[in-house]
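Geometric and topological summary
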Amino acid sequence: MSNESSPKLITSRRRFLMGAAGLSGLIVTGCDAETASSLLPPTRRGGLVGLADRLTMASQRLLMANQPLAQEHDPRDITRDFPTWGETNPEDEEYQRLLAGGFEEWRLEVGGLVNTPTTLSLSQLKGMKRRTQITSHICEQGWSAIGEWTGTPLTEVLAVAGGLQPEARYVVVTAFDGWYEGFDRFDVEHPQTILAYGLNGRDLPRGNGAPVRLRVERHCGYKHLKFVKSIEAVASMEHIGRGTGGINSDWGFHWYAGA
Ligand SMILES: Nc1nc2c(c(=O)[nH]1)N[C@H]1C(S)=C(S)[C@@H](COP(=O)(O)O)O[C@H]1N2
Ligand SMILES: [Mo]
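Every value quoted in this text rests on a predicted model; they were computed, and no experiment measured them.

Structural notes on the sheet that holds strand S6 (residues 180-184)
Pairing within the open sheet is mixed, and its 5 strands lie in the order S2-S1-S10-S5-S6. One side of each edge strand has no neighbouring strand; the edge strands of this open sheet are strand S2 (118-121) and S6. The mean angle between the axes of side-by-side strands here comes to 20°, regardless of whether they run parallel or antiparallel. Both strand S5 (residues 170-175) and S6 contribute to a ladder of 5 bridges, which runs antiparallel. Residue pairing for S6: valine 171 is matched across the bridge by phenylalanine 183.

And the structure:
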């Protein structure tokens, strides 16, 4: 090791250690509400699992503070037949009626702590600013596939509803099969968080969540809600479902499912 490089090494190591100490202090002792909302899950699980949860989320969030994009792939990498997984045809009567009508009567409800609650039809959604992204979908149950998703950024949808009120900390997405997931502002504001109505250049097939599904890149499969029904901004996840922040964490999976 040369003489010139060692002071630098020490400085960066010291900085790293200071950062790590600060981070663990934050996790162990808690922190102010605003920082907590972007570094910690809605509920704190106990024991080692809970600690691991918090460490993973806080360290990933600090590393991603400038909201880097998830990798986008080349069109030639697209998986030919994108699999369908989990629910593929919700029994829900309203869903079946909307499906039979080609989703002409589907309306996305955007409510809760937004300034102007509103509803949007599929054609209104398709008329808004759109984003297309070719990304990897990684299912926690052991498979992955690459698809080209087209949809409306969630931020655009919230803007049409007059934006989030200051107390809003989570945006809850619900689905026709009873699934729901809450996302904090950090994920809501990410440019690749979209309400997708297209897969590989076509309308989203029913099995993949027609008419609209969420894409929340950087998270594993179960957070990408299919069959979207409504969007609601809330201050807390406490009174929704079992209060853990989403149906998957209610079942014991991680709320923060960074992939
Ligand atoms: N509403 C709803 N969303 C869902 C599911 C589901 O069963 N219902 N399954 C999840 C899981 S585990 C995965 S891996 C992906 C699968 O998406 P795909 O069917 O398009 O492959 O959707 C996710 N979103
Ligand atoms: Mo999954």
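Structure shown, so let's carry the discussion forward.
Things to note about the site of ligand 1
As a structural note, the neighbourhood of ligand 1 is formed by 22 residues, with Pro83, Asp177, Asn208, Arg213 and Lys226 the closest of them. In the environment of ligand 1, an oxygen atom lies 2.7 Å from a nitrogen or oxygen atom belonging to the side chain of arginine 213. Coverage of ligand 1 by the protein amounts to 98% of the 530 Å² it exposes when considered alone. With respect to the detected pockets, ligand 1 is housed in the largest pocket. Split by residue class, the shell around ligand 1 holds 10 nonpolar, 7 polar and 5 charged.

Focus on the layout of surface pockets
Put simply, the largest pocket is a space of about 350 Å³. In this structure, the largest pocket is lined by 26 residues; those nearest its centre are Trp85, Gly86, Trp179, Tyr222 and Lys226. Grouping the amino acids of the lining of the largest pocket by side-chain chemistry returns 12 nonpolar, 9 polar and 5 charged.

Here's the deal with the side chain of histidine 190
Position of histidine 190 relative to the elements: it lies in the loop between helix H7 (185-188) and strand S7 (193-199). Owing to a relative accessible area of 2%, histidine 190 belongs among the buried residues under this scheme. At 2.9 Å, the side chain of histidine 190 and the backbone oxygen of proline 68 are in polar contact. Apart from the residues within four sequence positions on either side, histidine 190 is in contact with Gln67, Pro68, Leu69, Ala70 and Arg218.

Remarks on the environment of threonine 174
If you trace the backbone, threonine 174 turns up in strand S5. Look at threonine 174 and you get partly exposed, because its relative accessible area is 22%. Each C-alpha atom, one on threonine 174 and one on glutamate 232, is 8.4 Å from the other, the two residues being 58 residues apart in sequence. Apart from residues lying up to four places away in sequence, threonine 174 is in contact with Trp179, Tyr180, Leu225, Phe227, Val228, Lys229 and Ser230. Of the polar contacts made by the side chain of threonine 174, one reaches the side chain of serine 230; its length is 2.6 Å.

What counts and how
Residues numbered from 1 in each chain as written. Chains lettered and ligands numbered in written order. Predicted model: local features only at pLDDT ≥ 70, side-chain atom pairs only at ≥ 80, totals over all residues. Heavy atoms only, no water. Pairing = 2+ DSSP bridges. Helix = DSSP H or I, 4+ residues; strand = E, 2+ residues; numbered from the N terminus. Axes fitted to C-alpha atoms, helices over the stretch in contact; angles between N-to-C directions. Near = heavy atom within 4 Å. Polar contact = N/O pair within 3.5 Å; in protein donor to acceptor, adjacent residues only side chain to side chain. Areas by Shrake-Rupley, 256 points an atom, 1.4 Å probe, with all protein chains shown as cover. 1 Å grid on protein atoms, 1.4 Å probe; cavity = no way out; pocket = protein on both sides within 12 Å on 5 of 7 lines; lining within 4 Å. Sits in = over half its atoms within 2 Å of the grid points. Nonpolar A, V, L, I, M, F, W, Y, C, P; charged D, E, K, R; others polar. Points joined across faces, edges and corners; volume = space filled by probe spheres on them. Buried < 20%, exposed > 50% of the residue type's maximum accessible area, 1.4 Å probe, protein only. Contact = heavy atoms within 4.5 Å.

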